[in-house]
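Residue-level structural notes
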Amino acid sequence: MWILGQHDESYRKTRKSVLELVGNTPLVELNRSLPEDIKKKNIKIYAKLESYNPGGSVKDRPATRMILEAINSGKLTKDKVIIDATSGNTGIALAMVGTALGYQVELAMPANVSEERKRIIKAFGAKIHFTNPLESTDGAIIYVRKLVEKYPDKYYYIDQYNNDANWKAHFDSTAVEIWNQTEGKITHFVAGIGTGGTVMGTGRRLKIFNPNIQVIGVQPDSPFHGIEGLKYIETSIKPGIFDENRLDRTMFIGTDIAYQRARELSRLEGIFVGQSSGAAFEAAIRIAREIEEGVIVFICPDGGEKYLTTALYDYE
Ligand code: PMP
């Protein structure tokens, strides 16, 4: 039994900036939310809670790495404005990291992203360019490319979809944390695909630790009913950092079941998450039904707060 007041040692030091809080997120074993048929097997399912990053999502990791690499390379100087296309979490992360380091940030995103995301980004002092929601994140990408072409001296284009620092952030942090937290026992890794950074970087490193670890990517099952944060790769601009050959498998998950699983994590475990976490949880459950024993880890990219006014948590 856990006792309040028992401390691990990491809290003892002071931090030089909020950026030192990125990463080292908790891995939590699921109990009450597991279906009965899975409880009977010798299977553990763990949720990696990325809402514990200071910007509230998994995107703090690549945002930190992409900005620091740009500064170190000399390409991002103080006179430039950081810009990128994002469905939201990358925007929040870039705004937070940029602000912490003293840079201006501008973001292009589809106008229909949740109100909470827009306000958090504004709270960090960043500017938003809204693009046509019907064109999804592809519209935002095309918009930013045109803007950067027009004002090449003004902007530093982060380009999260083609930036190797995106997946490398996960190669060096997320994967190592999961390997250590499971004491090398992980057998299956599950993560949603937006840019593909999480699944590519974490998967690549885990396979170096143990080539038998199965790496599973999660996509929405249709280009029309989106799961915020995830991309239906077939009909989108393909992210340059995404290489399907590095995945053992892709699972296509519907919006309704993703919502249901996200709500179950709140109601049955006390873990409050967004819908892409629900999609990854459903994929983990499907894998657990196919195997007799194993240790499955799935990523919960963010918490539920940003979705309070969306259909996900707008129910009786
Ligand atoms: N879920 C959410 C809520 C996200 O914002 C993102 C990032 N777009 C992802 C999943 C996917 O992460 P990645 O870009 O690393 O593939």
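Bear in mind that the values here come from a model prediction, so they are computed numbers and not experimental data.

Here is what the cut-offs are and how they apply
Residues numbered from 1 in each chain as written. Predicted model: local features only at pLDDT ≥ 70, side-chain atom pairs only at ≥ 80, totals over all residues. Near = placed C-beta within 6 Å. Nonpolar A, V, L, I, M, F, W, Y, C, P; charged D, E, K, R; others polar. Domains from an automatic or database assignment. Pairing = 2+ DSSP bridges. Helix = DSSP H or I, 4+ residues; strand = E, 2+ residues; numbered from the N terminus. Axes fitted to C-alpha atoms, helices over the stretch in contact; angles between N-to-C directions. Contact = placed C-beta atoms within 7 Å. UniProt positions renumbered as here; feature names shortened; annotations may be inferred. Buried ≥ 20, exposed ≤ 12 C-beta atoms within 10 Å, placed from the backbone.

Digging into the site of the ligand
Looking at the ligand, there are 19 residues lining it, with Asn 89, Gly 194, Thr 198, Gly 229 and Ser 276 nearest. Its residues assigned to classes, the shell around the ligand comprises 3 nonpolar, 13 polar and 3 charged. There are two domains that each give the shell around the ligand at least three residues, and those are domain 1 (15-57 + 170-300) and domain 2 (59-157).

Here we look at the sheet that holds strand β5 (residues 127-131)
What links the strands of a sheet is backbone hydrogen bonding, and the strands pair in either a parallel or an antiparallel sense. Pairing within the open sheet is parallel, and its 4 strands lie in the order β5-β4-β3-β6. Of all strands in the sheet, those with a lone pairing partner are β5 and β6 (155-157), marking the two edges. Averaged over all pairs of adjacent strands, the angle between their axes in this sheet comes to 25°, without regard to strand direction. Across 3 bridges, strand β3 (residues 81-85) lies against β6 in parallel orientation. Across the sheet, the residue bridging to Val 81 is Tyr 155, located in β6. Where helix α5 (residues 136-150) meets the sheet, it contacts β3, β4 (104-110), β5 and β6, and its direction lies at approximately 145° from that of β3.

Some points on the UniProt feature "domain: Tryptophan synthase beta chain-like PALP" (unreviewed entry) in the protein chain
Residues annotated in UniProt with the feature "domain: Tryptophan synthase beta chain-like PALP" (unreviewed entry) correspond here to residues 19-302. The annotated region residues 19-302 carries 41% helix and 20% strand content, and the separation between its end C-alpha atoms amounts to 17 Å.

Re the pairing of strand β2 (residues 42-49)
Taking burial as the measure, the 8 residues of β2 include 7 buried ones, the bulk of the element. Pairing analysis gives 3 bridges linking strand β1 (residues 27-29) to β2, with the strands arranged antiparallel. Residue Val 28 lies in a different strand from β2, and its bridge partner there is Ala 47. For β2 and strand β10 (residues 293-300), the ladder comprises 8 bridges, and the chain directions are parallel. Within the sheet, the bridge partner assigned to Leu 49 lies in β10 and is Cys 300.

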